[in-house]
Amino acid sequence: MNSFFGSLGRTIAISGRVLLQIRSDRRTVALMFLVPSLLTGLFAWMLNSKQLFDHIGPRLVGLFPFVVMFLAASITTLRERRSGTLERFLTTPMRRDEFIIGYALAFGLMAILQSAITQTFAVLVCGLKVDNIWLLLLAAWANAICGMALGLLASAFAQTEFQVIQFMPAFIFPQIILGGLFVPQSQMPDVLSSISDWLPLTHALRSITLISDGADSGTIMTEIWIVAAVCLGSLLLGAFTLRKRTE
Amino acid sequence: MGSVAEFEGVRVSRGKTLVLQDLNLSLQAGQIIGLLGPSGAGKTTLMRALVGVQAGVSGKLSVLGSTPGSSALETRVAYATQASSVFDDLTVLQNLRFAKTMLGAPAPRVGEVIAEVGLEGLENRQVGSLSGGQRNRVSLAIAMLGSPELLILDEPTVGLDPVLRSEIWAIFRRLADKGQTILVSSHVMDEAERCDTLIFMRDGRVIANDTLANILLQTNSTTAENAFLALAKGVSA
């Protein structure tokens, strides 16, 4: 039991530490929380059609947290790998799973705040109509966590912050393009449509499309579970890339 | 006092090159052990092998009777890397509190180590805003937190002004007097006289391992620098 509480204590301390680090950078916090809302507002203004916005708006509420969390998590983790703090604390009783779960908890909290702010803005200011606000929040949160998990994994394959930023156009943009935001998946060429099926963001956005289309919650939950499985898989792979012994 | 670490034919390879070649060493407890040599000599690799974060180690290496990096050593050995591995975006206190939880050290140790490394009054400053020497001391304080039996410090005094440097050496002396073993690396030969035992390294080999007095006698030199030169010449000749 002692070791369980020790592990729990360390996990919570890692979360708290990551949150303190994020908080110390006020400008990033402001950008994280405000930019998705402003972009959603820009879309609403540009589309200038209530009907169209009711269709696209929910997906934006899910897309922005995904992208922002991907960047935030990949850069924070990369920094930790580069500065030697990860290596240093891997020589203490800290375990890799505590590290990963600690990160997931901290970014999960940021993600839920961000999703809630974006969604509130979309509903109250932009007049977005959603049938099930809580389900949309859950889906947006799952998207954000998925972005975070992929970011953590991506950080293992980058040596510099520049490279991590280049992962955005390399790995995230194709998912956005093929994710059904611009062209419905059913209208894509067969090859692209099958590729799209294997991209995490497709399922993340599909869960949200289903919500805004008022599908039954069973179908929606299937998509959310797929997103959750991708998160778990990326986190496990991410944990595997946290090596104690290096050259 | 016994030994804290035993090397028997330890080698470290990186790809096809041998970074450390057939090391046979025994580190004695309760001493300040100076690991001296030019950069690229393998000092950091040797230290990393001791903490168990170095890949490609072969031969027999034991630390406090266990395999390096094993869970038994997590709180008994502390390591501070050359680039102070601290969180720049946190305050001194936040850094130490986090490390305290990771190590399971008692809470009063935080205040104690802050006082020991002379960072009082700077507790609430962001580490990134501190000078290089102050950041080094935060890193050192983290290493001291868990009162480890063996402290492994990679170039802890680099870039420090002479006053601060002698303060840091005074801290090491106090720790050694309490029975802790300190392995310190440096490329500044002047620091040799502050150590109890010296390990001279060059090109991945140990070229001397003795007290400064014995090394000077052996090489018929008056300074550590000259002794190193004489030994280096002897090895390559």
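Coordinates for the structure precede this section.
Structure report, in brief. Since the model is a prediction, treat every value here as computed from it, not as a measurement.

**Considering the packing of helix H3 (residues 108–116) of chain B against helix H4 (residues 132–145) of chain B**
All names here are of chain B. Closest axis-to-axis distance for the H3/H4 pair is 9 Å, and the angle between their directions is 135°. Here H3 is positioned oblique relative to H4, judged by the angle of their axes. Note that H3 runs across H4; the crossing there is right-handed. Facing H3, whose interface residues are Arg-109, Val-113, Ile-114 and Glu-116, H4 presents Ala-141, Met-144 and Leu-145. Of the residues assigned to the contact of H3 with H4, the class counts are 5 nonpolar, no polar and 2 charged.

**Considering the interface of chain B and chain A**
Counting from both sides, the interface comprises 24 residues of chain B and, opposite them, 23 residues of chain A. The class makeup of the residues in the side of chain B that touches chain A is 11 nonpolar, 10 polar and 3 charged.

**Considering the packing of helix H3 (residues 50–83) of chain A against helix H5 (residues 96–124) of chain A**
Residues and elements named next belong to chain A. Where H3 meets H5, the axes come as close as 10 Å, and the angle between the chain directions of the two elements is 150°. One way to sum up the angle between H3 and H5 is to call them roughly antiparallel. Between H3 and H5 the crossing geometry is right-handed. Across from Gly-57, Val-61, Phe-64, Pro-65, Val-68, Met-69, Ala-72, Ala-73 and Thr-77 in H3, the residues of H5 making contact are Tyr-103, Phe-107, Ala-111, Gln-114, Ser-115, Thr-118, Gln-119 and Ala-122. Here the contact of H3 with H5 is built from residues that sort into 11 nonpolar, 6 polar and no charged.

**Structural notes on the nonpolar core**
Ranked by size, the top nonpolar core spans 141 residues in total, and within it A:Met69, A:Tyr103, A:Phe107, A:Cys146, A:Met148, B:Ala141 and B:Ile152 carry the most contacts. Ranked by the residues each element gives to this core, the list is headed by helix H6 (residues 133–155) of chain A, at 15 residues. The residues that make up this core include at least three from each of domain 1 (30–55 + 67–76 + 148–237) and domain 2 (84–147) of chain B. In this structure, A:Cys146 is in contact with A:Phe66, A:Pro200, A:Ala204, A:Val227, A:Val230 and A:Cys231, ignoring residues within four places of it in sequence.

**Points about the sheet that holds strand E7 (residues 181–186) of chain B**
All names here are of chain B. Across the sheet, 6 strands lie side by side as E5-E6-E7-E3-E8-E9; this open sheet has mixed pairing. Two strands lie at the open edges of the sheet, namely strand E5 (77–80) and strand E9 (205–210), each paired on one side alone. When strand polarity is set aside, the average angle formed by the axes of neighbouring strands in this sheet is 15°. With 4 bridges connecting them, strand E3 (residues 32–36) and strand E8 (residues 197–202) associate as parallel partners. Paired with Ile-33 across the bridge in E8 is Thr-197. Strands in contact with helix H5 (residues 162–177) are E3, strand E6 (150–153) and E7; relative to E7, the strand with the most contacts, it is inclined by about 150°.

**What about the sheet that holds strand E1 (residues 3–14) of chain B?**
All names here are of chain B. Within the open sheet, the 3 strands sit side by side as E2-E1-E4. Their pairing is antiparallel. At either end of the open sheet lies a strand with only one pairing partner, and these are strand E2 (17–28) and strand E4 (57–63). Pairwise comparison of adjacent strand axes, ignoring direction, gives a mean angle of 10° for this sheet. Direction of pairing for E1 relative to E4: antiparallel, over a ladder of 6 bridges. What sits directly across from Glu-6, in E4, is Ser-62.

**Comments concerning the pairing of E6(B)**
Residues and elements named next belong to chain B. Every second residue of E6 is oriented toward a common face, with Leu-150 and Ile-152 on one face and Leu-151 and Leu-153 on the other, all of them buried. Note: E5 against E6, 4 bridges, orientation parallel. By the bridge assignment, Val-77 is partnered in E6 with Leu-150. Handedness of the crossover joining E6 and E7 through H5 is recorded here as right-handed.

**Some words on unusual backbone geometry**
All names here are of chain B. Of note, the phi angle at Leu-64 is positive, near 50°, even though the residue is not glycine. Owing to 20 C-beta atoms within 10 Å, Leu-64 belongs among the buried residues under this scheme. Even without glycine at this site, Glu-155 takes up a positive phi of about 45°. Mapped onto the elements of the fold, Glu-155 is located in the loop between E6 and H5.

**What about the pairing of E9(B)?**
Two strands pair when backbone bridges link them, and E8(B) and E9(B) are joined in this way by 5 bridges, in the antiparallel orientation. Following the sheet pairing, B:Ile199 is matched in E9(B) by B:Asn209.

**Quick look at helix H2 (residues 92–103) of chain B**
Residue and element names in this part refer to chain B. The terminal C-alpha atoms of H2 lie 17 Å apart, and with 12 residues this matches the ideal 16 Å at 1.5 Å per residue to within 8%. Among the 12 residues of H2, 10 are classified as buried, and the element is accordingly described as predominantly covered. Every buried residue of H2 is listed here: Val-92, Gln-94, Asn-95, Leu-96, Phe-98, Ala-99, Lys-100, Thr-101, Met-102 and Leu-103. Gly-104 sits one or two positions beyond H2 and adopts a positive phi of about 70°.

Reading the values: rules and limits
- Residues numbered from 1 in each chain as written.
- Chains lettered and ligands numbered in written order.
- Predicted model: local features only at pLDDT ≥ 70, side-chain atom pairs only at ≥ 80, totals over all residues.
- Axes fitted to C-alpha atoms, helices over the stretch in contact; angles between N-to-C directions.
- Helix = DSSP H or I, 4+ residues; strand = E, 2+ residues; numbered from the N terminus.
- Parallel < 35°, antiparallel > 145°, perpendicular 65-115°, else oblique.
- Left-handed = near helix turned anticlockwise from the far one by under 90°.
- Contact = placed C-beta atoms within 7 Å.
- Nonpolar A, V, L, I, M, F, W, Y, C, P; charged D, E, K, R; others polar.
- Core = buried A, V, L, I, M, F, W, Y, C linked by C-beta atoms within 7 Å.
- Buried ≥ 20, exposed ≤ 12 C-beta atoms within 10 Å, placed from the backbone.
- Domains from an automatic or database assignment.
- Pairing = 2+ DSSP bridges.
- Right-handed = clockwise from strand over helix to strand, strands pointing away.
- Expected span 1.5 Å × (residues − 1).

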